[in-house]
Amino acid sequence: MMLQRPARCAAPRLLPALVLALLAPASRAEEDATDLAARAARHLGRRAPSAEEVELGKRLFFDRRLSADESVSCSTCHLPEHGFADVRRFSVGVSGKPLERHSPHLFNLAWSKSFFWDGRAESLEEQALMPIQHPDEMGQSLGELERKLRAVPDYAQRFEAI
């Protein structure tokens, strides 16, 4: 299945900032997420996300509106209290049926060269879009996601500010 991104869809563009902000080892949880994201971005030769982008990314990570039926968020399968991993053997998304694989943890991914257990994504940007669009995970089209987020005044203001 080929998943594509609309040219002006802002939400998926920010998901990597969220991922970078959440990749620190648990022992460094007291360190500022923006600083961690900035260090990871510098290591990768990228622009560091602003504090506003990191905060927006965190909001998106926990927001169930990212799923088609608003029943799951990224944090449904990547639980912060469990190392951003799932405690279940196989995660369950919007379809209600167990997925084919266990959801991996999200620590130190900024330094990875491939993502998912089978390595099918080559960047954080690519990885962030796949679960949103997968019919059994979050089942959301990117066009519909953008429409939903634009309808939320807080998101509209935050996207405009960055």
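The residue count restarts for each chain, going from 1 along the sequence in the order it is written. The predicted origin of the model limits local features to residues at a pLDDT of at least 70 and limits the giving and counting of side-chain atom pairs to 80 or more, whereas totals for whole chains, interfaces and linings rest on all residues. Heavy atoms throughout the structure, all of them, feed into the side-chain values; hydrogens and water do not.

Student: What am I meant to see in the confidence of the model for the protein chain here?
Tutor: Low-pLDDT portions of the prediction should not be read for the details of their coordinates. Confidence of the predictor in every single residue is expressed as pLDDT, which spans 0 to 100. Summing up the model confidence of the protein chain, the mean pLDDT is 77 and the portion of residues at 70 or higher is 72%. The secondary structure element of the protein chain with the lowest average pLDDT is helix α1 (residues 10–21), at 52, and the one with the highest is helix α6 (residues 142–150), at 91. Confidence drops under pLDDT 50 across residues 1–9; counting only partners more than four residues distant or on other chains, this segment forms 15 contacts. Under a pLDDT of 50 for its full length, residues 23–30 has, in the predicted model, 11 contacts with residues more than four places off or in other chains. Comment: elements are numbered from the N terminus, with helices defined as DSSP H or I runs of at least four residues and strands as E runs of at least two. Here, residues are in contact when the closest pair of their heavy atoms is within 4.5 Å.

Student: Would you explain the pattern of salt bridges in this entry?
Tutor: The working definition used for a salt bridge is a side-chain nitrogen of Lys or Arg within 4 Å of a carboxyl oxygen of Asp or Glu. Across all of its chains, the model carries nine salt bridges by this definition. Here Arg-158 and Asp-154 are joined by a salt bridge, their closest N and O atoms 3.0 Å apart. Within this pair, Arg-158 and its partner Asp-154 are both found in helix α7 (residues 153–161), separated by four residues, close to a single helical turn. In this scheme, a residue with accessible area under 20% of its type's maximum is buried, one over 50% is exposed, and one in between is partly exposed, where area comes from a 1.4 Å probe on protein chains only. Given a relative accessible area of 23%, Arg-158 falls into the partly exposed group.

Student: Which parts of the structure should I look at to understand helix α3 (residues 51–62)?
Tutor: The α-helix winds at 3.6 residues per turn, so residues separated by three or four positions along the chain end up facing the same way. Taking 1.5 Å per residue, 12 residues should reach 16 Å; α3 reaches 17 Å between its end C-alpha atoms and fits that length. Turning to α3, its buried residues number three or more, namely Glu-53, Val-54, Leu-56, Gly-57, Leu-60 and Phe-61. Each buried residue of α3 sits inside an arc of 165° when the element is viewed along its axis, so together they form one side. The span expected for a helix works out to 1.5 Å for each residue beyond the first. Directions are taken from the helix axis to each C-beta atom, and the arc is the one they span.

Student: Whenever I open this one, the packing of aromatic side chains confuses me. Can you help?
Tutor: The relative placement of two aromatic rings is captured by the distance of their centres and the angle of their planes. Two aromatic rings from Phe, Tyr or Trp, using only the six-membered ring of Trp, form a pair when their centres are within 6.5 Å; if the ring planes differ by under 30 degrees the pair is stacked, by over 60 it is edge-to-face, and anything between is tilted. One pass over the full model with this rule turns up three aromatic pairs. Taken together, a centroid distance of 5.1 Å and an interplanar angle of 75° make the contact between Phe-61 and Phe-62 edge-to-face. For Phe-61, a relative accessible area of 2% corresponds to the buried category. For Phe-62, a relative accessible area of 42% puts it in the partly exposed group. Centre to centre, the rings of Phe-61 and Phe-84 are 6.0 Å apart; their planes meet at 70°, and the pair counts as edge-to-face. On the criterion of sequence distance, the pair formed by Phe-61 in helix α3 and Phe-84 in the loop between α4 (74–77) and α5 (124–133) is long-range, its members being 23 residues apart. Summarising the burial analysis for this pair, Phe-61 and Phe-84 share the class buried. Grouped by ring-pair contacts, the aromatic residues Phe-61, Phe-62 and Phe-84 constitute a single cluster.

Student: For this particular structure, what's the right way to read the environment of Ser-112?
Tutor: As for its placement among the helices and strands, Ser-112 is situated in the loop between α4 and α5. In this structure the C-alpha to C-alpha distance between Ser-112 and Ser-123, which are 11 residues apart in sequence, comes to 8.3 Å.

Student: Help me out: how do you make sense of the packing of α3 against α7 in this one?
Tutor: Whenever a helix is involved, its axis is fitted only over the stretch in contact; in every case the axis is a line through C-alpha atoms, and angles between N-to-C directions fall within 0 to 180 degrees. Here α3 crosses α7 at 145°, and the two axes come no closer than 10 Å. Note that α3 runs across α7; the crossing there is left-handed. The segment α3 lies against α7, with Glu-55, Leu-56, Arg-59 and Leu-60 engaging Asp-154, Tyr-155, Arg-158 and Phe-159. Each crossing is labelled by how the near helix is turned from the far one, with a counterclockwise turn of less than a right angle marking it left-handed and a clockwise turn marking it right-handed.

Student: What exactly am I supposed to notice about the nonpolar core here?
Tutor: Proteins that are soluble and globular tend to have nonpolar side chains buried together. The biggest cluster of nonpolar side chains holds 19 residues, and the ones touching the most others in it are Leu-60, Leu-66 and Tyr-155. Mapped onto this core, the elements with two or more residues apiece are α3, α5, α6 and α7. The nonpolar core is taken to be a set of buried Ala, Val, Leu, Ile, Met, Phe, Trp, Tyr and Cys residues, with the residues joined through side-chain atoms within 4.5 Å.

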